[in-house]
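The chain contents come next:
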Amino acid sequence: MSIRFPEPDPGILGRREAILEGLRPLVGPEALVTTEDERRAFETDGLTAYRQMPLAVVLPSTTEEVSAVMAYCHANGVRVVPRGAGTSLAGGAIAQADAIILGVGKMTRVLDIDFENRTARVQSGITNLAISGAVSHEGFFYAPDPSSQLACTIAGNIAMNSGGAHCLKYGVTTNNLMGVTLVMNDGTVVEIGGDHLDSAGYDLLGLICGSEGQLGIVTEATVRILRAAEGARPALVGFSKVEDAGDCVAAIIAAGIIPVAIEYMDREAILITEDFAKAGYPRDAEAMLIIEVEGSDAECSAMLARIEAIAQGFRPTSLRVSKSEAESAAIWKGRKSAFGATGRISDYICMDGTIPTGQLGPVLERIGAICAEKGLRVANVFHAGDGNLHPLILFDINTPGELQKAEAAGDEILKLCVEVGGCLTGEHGVGIEKRELMRFQYDQVDLDQQMRVRNVFDPRWLMNPAKVFPLEGRVAA
C-alpha cells in the first residue's frame, strides 16, 4: 500500500472482548456490529483501494446513545472513527484496527421545519437529498448538492464542508449550516450556533464544519432552507479546445455573471457519460460546459443571451439551451452520474483540488500532460465556476504498479493546484489521501498551530487520528 496507517495499539486489540462487553449495554443489540463478516461492510469508504477492519461498529439512534459511547471510549482509551454513509473519496471514514466506527446511519429523522424562518433541524444521518425532499412540498430546498447527494449524509457533508454543482451561487455547507449538536470526545453534549443567522462569541461553527470528524460527533444540525427559484434552464456549450472552455468560464465570472452552476467535462468524460446517460452531449467536442441560470423565463433568457455572447468569443462548436424540464433533467443526469459511469469501465481515483478560475486553461493542459507522461487516461469533470477540480485518473487495479502511478499523478496534480494559488481540497477533505501533502501547502508553524487547536478538543488524539495531519511531527497536547 502507498498510504501508511499507524500501527494498531496491541493493548486495545488484546482487550477487544472486554471493550465489546462495555459497549453492549449502551446501545440496542442490533446497533453493535461485531462479527468479521458484518464488520467487512465498514472496512472502506469511497477510497476503495484501502481497507482496514474496524475493532467494532456502533450504530446509535440518539444523541444520548452517542454520548454514552463516546464517554466509554474516552474513559477506556478507545479510538473512534466517525462515519456517515461512507462515501468519502479521500478515505476520511476508513477504519483502524484499534478503533471503533461510530456510524450515524440510523439517525435519519427530521426534527423540525420552520418555513417562516427558513430553517430545518435534522438528525445528522439524514441524506443530503432527503432534506430537500422534506421541504419541497412548500417550494423550498437545501442548496448544497454533492454528486453523491442521494447517499451522502449531512454529517459527512459537515465533516468535509461539501459543496456541489450549485455552490457557485449558493455556497458550500458552511454557508448553509446554522447550528449543530456536537458530542465531544468525553461524551459532553454541546449546542453550537442555532436557528438564527449569527451567534455571539467565537465562530466555533466555522471550526467544526470541515474538521473531518476530529473535534467531535455531530448528531443534529440546523440548516438553512431556501425558496426554490421560479425556473431554471441549463445550456450545453461545446468547444474544440480545452483551453477555450477554461477561458470562457473565466470570462463569464469576470463579467460579473453568477450562474447557478458552471460544470466542465472534457472529451473523455463526455464520451463515458454519454454512453451511459444518453444526455445528448456533443460527442465531437473536446470540452463542454453545462451552464445553468435560474429565475423567471425573462430573467433566464436575458442571462443566457449574455452568456451566449461571451461564449461566441471562444469559438464554440455547439450551443444548445434546454427547452423542457425533461431535457434539463437529462443534462443533469449525465453530470450527476459521471463518477458512476466512469466506474463501469475502469478503476479510478477522483481527485479534488481548487485553483483560481483564471488558471483553468493552463492547468487543464498540464493535468493532461501529467497523466499522459505516466501512460494513464484522465477524465476531467468538475465545478468550473469556482475552480474546484475533480480529475478522474483511470487505472487498472489488477495491473501491478498502476495504482501507484495513478496516486503519483494525483499528487502532482494537487501540488500543481497549490503552485498556481489554489489548495489541496475543495470539498472531499484531506482524509488519508492528502495527509502527507499537507506539508506542501503548509509549513510546520502552520501545521503546529492547527494541531494545537485540535488538541483543545481531543488532547489524546482518539478522534479519527489517522487522518488530515502527517503521521510524523504531530504536536502533543
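Quick caveat: nothing in here was measured; it's all calculated off a predicted structure.

Draft legend 1. Main features of the packing of helix α14 (residues 360-373) against helix α15 (residues 402-419). Packing of α14 against α15 brings their axes to within 10 Å, and their N-to-C directions diverge by 160°. On the basis of their axis angle, the class for α14 and α15 is roughly antiparallel. Pair α14 / α15 crosses with right-handed handedness. Only A409, E412, I413 and L416 of α15 make contact with α14, whose side of the interface consists of V363, R366, I367, I370 and C371. Class assignment for the residues of the contact of α14 with α15 results in seven nonpolar, no polar and two charged.

Draft legend 2. Region of interest: the packing of aromatic side chains. For the structure shown, the criterion picks out four aromatic pairs. Aromatic side chains F141 and Y170 sit 5.5 Å apart centroid to centroid with 80° between the ring planes, which places their arrangement in the edge-to-face category. Here F141 is found in strand β7 (residues 140-141), whereas its partner Y170 is found in helix α7 (residues 167-170), with 29 residues between them in sequence. An identical accessibility class is assigned to F141 and Y170; each is buried.

Draft legend 3. How the structure looks around the domain arrangement of the chain. Structurally, the chain comprises domain 1 (10-103), domain 2 (110-227), domain 3 (229-344) and domain 4 (346-428). Taking the mean C-alpha position of each, domain 2 and domain 4 sit 29 Å from one another. On the side of domain 4, six residues touch domain 2, which itself brings eight residues to the contact. When the two sides are added together, the surface that domain 2 and domain 4 hide from each other amounts to roughly 510 Å², 53% of it contributed by carbon and sulfur.

Draft legend 4. Main features of the sheet that holds strand β8 (residues 177-183). One open sheet accounts for five strands, arranged β5-β6-β10-β8-β9; its pairing is antiparallel. Of all strands in the sheet, those with a lone pairing partner are β5 (110-114) and β9 (189-193), marking the two edges. Ignoring which end each strand starts from, the neighbouring axes of this sheet average 10° apart. Direction of pairing for β8 relative to strand β10 (residues 217-224): antiparallel, over a ladder of six bridges. If you follow L177 over to β10, its bridge partner there is V223.

Draft legend 5. Inspection of a nonpolar patch on the surface at higher detail. On the surface, Y202, L204, L207 and V453 cluster together to form a nonpolar patch covering roughly 400 Å² of accessible area. One can find Y202 in the loop between β9 and α8 (204-208).

Draft legend 6. Structural context of the side chain of D145. When you line up the elements, D145 lands in the loop between β7 and α6 (154-160). Owing to a relative accessible area of 7%, D145 belongs among the buried residues under this scheme.

Draft legend 7. Here's a closer look at the pairing of strand β4 (residues 99-103). Most of β4 sits inside the fold, with five of its five residues counted as buried. Residues of β4 alternate between two faces, with A99, I101 and G103 on one and I100 and L102 on the opposite face, all of them buried. One ladder, built from three bridges, connects strand β2 (residues 56-58) with β4; its direction is parallel. Bridge pairing in β4 links V57 to I101. Strand direction decides the pairing type here: strand β3 (residues 79-83) and β4, joined by five bridges, are parallel. By the bridge assignment, V81 is partnered in β4 with I101.

Rules and cut-offs
Residues numbered from 1 in each chain as written. Predicted model: local features only at pLDDT ≥ 70, side-chain atom pairs only at ≥ 80, totals over all residues. Heavy atoms only, no water. Axes fitted to C-alpha atoms, helices over the stretch in contact; angles between N-to-C directions. Helix = DSSP H or I, 4+ residues; strand = E, 2+ residues; numbered from the N terminus. Parallel < 35°, antiparallel > 145°, perpendicular 65-115°, else oblique. Left-handed = near helix turned anticlockwise from the far one by under 90°. Contact = heavy atoms within 4.5 Å. Nonpolar A, V, L, I, M, F, W, Y, C, P; charged D, E, K, R; others polar. Phe/Tyr/Trp six-rings, centres within 6.5 Å; stacked < 30°, edge-to-face > 60°. Buried < 20%, exposed > 50% of the residue type's maximum accessible area, 1.4 Å probe, protein only. Domains from an automatic or database assignment. Buried area = accessible area lost by both parts, 1.4 Å probe. Pairing = 2+ DSSP bridges. Patch = residues over 30% accessible without salt bridge, like charges linked within 9 Å, V, L, I, M, F, W, Y side chains within 5 Å. Areas by Shrake-Rupley, 256 points an atom, 1.4 Å probe, with all protein chains shown as cover. Salt bridge = Lys/Arg side-chain N within 4 Å of Asp/Glu carboxyl O.

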